Amino acid sequence: MAAKKATKKTTTRGRKQDRVRVAAGQDYEVRYEAKKTGRSAPAVKKAVKKVGNARKKVEKRLAKKG
């Protein structure tokens, strides 16, 4: 009887999803988004609060106001 080979499944759990979100509680993410869009950190936090944490929506909101 052959022994079962243990295979480790690699998943992307958390990786892809994390890239499409802006964590307003993480200063480095807020600074990155502020620098990328040319807006202030409080403006980024306000945009996240208004439209949610989806990166595309936040960037769209920040582009409108600029």
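Residues numbered from 1 in each chain as written. Predicted model: local features only at pLDDT ≥ 70, side-chain atom pairs only at ≥ 80, totals over all residues. Heavy atoms only, no water.

Glancing now at the confidence of the model for the protein chain. Taken over all residues, the pLDDT of the protein chain has a mean of 85, while the share at 70 or more is 71%. The secondary structure element of the protein chain with the lowest average pLDDT is helix 1 (residues 15–19), at 70, and the one with the highest is helix 3 (residues 41–51), at 96. (pLDDT = per-residue confidence, 0-100. Helix = DSSP H or I, 4+ residues; strand = E, 2+ residues; numbered from the N terminus.)

Next up on the list: helix 2 (residues 27–37). Along helix 2, the residues classified as buried are Glu29, Val30, Glu33 and Ala34. Viewed along the axis of helix 2, the buried residues span an arc of 130°, placing them on a single side of the element. Set apart from the buried face of helix 2 by more than 90 degrees, the exposed residues are Arg31 and Lys35. Glycine 38, located one to two residues past helix 2, shows a positive phi value of around 75°. (Buried < 20%, exposed > 50% of the residue type's maximum accessible area, 1.4 Å probe, protein only. Arc of directions from axis to C-beta.)

Now for the pattern of salt bridges. Counted by the stated rule, this structure contains 3 salt bridges. The residue arginine 55 makes a salt bridge to glutamate 33 at a minimum N-O spacing of 2.5 Å. Pair noted here: arginine 55 is in helix 4 (residues 55–65) and glutamate 33 is in helix 2, with a separation of 22 residues, a long-range link. The burial state of arginine 55 is the same as that of glutamate 33; both residues are buried. When the shortest N-O distance is used, the salt bridge between lysine 36 and glutamate 59 registers 2.8 Å. Taken together, the residues lysine 36 in helix 2 and glutamate 59 in helix 4 connect sequence positions 23 residues apart. On the accessibility criterion, lysine 36 (46% relative accessible area) is partly exposed. Relative accessible area serves as the criterion here: at 22%, glutamate 59 is assigned to the partly exposed category. Several salt bridges converge on common partners, so that one network encompasses Glu29, Glu33 and Arg55. (Salt bridge = Lys/Arg side-chain N within 4 Å of Asp/Glu carboxyl O.)

Here we take up the side chain of glutamate 29. Relative to the helices and strands, glutamate 29 resides in helix 2. Among the polar contacts made by the side chain of glutamate 29, one reaches the main-chain amide nitrogen of alanine 23 at a distance of 3.1 Å. Separated by 3.4 Å, the side chains of glutamate 29 and arginine 55 make a polar contact. Apart from the residues lying within four places of it in its own chain, the contact partners of glutamate 29 are Asp18, Arg21, Val22, Ala23 and Arg55. (Polar contact = N/O pair within 3.5 Å; in protein donor to acceptor, adjacent residues only side chain to side chain. Contact = heavy atoms within 4.5 Å.)

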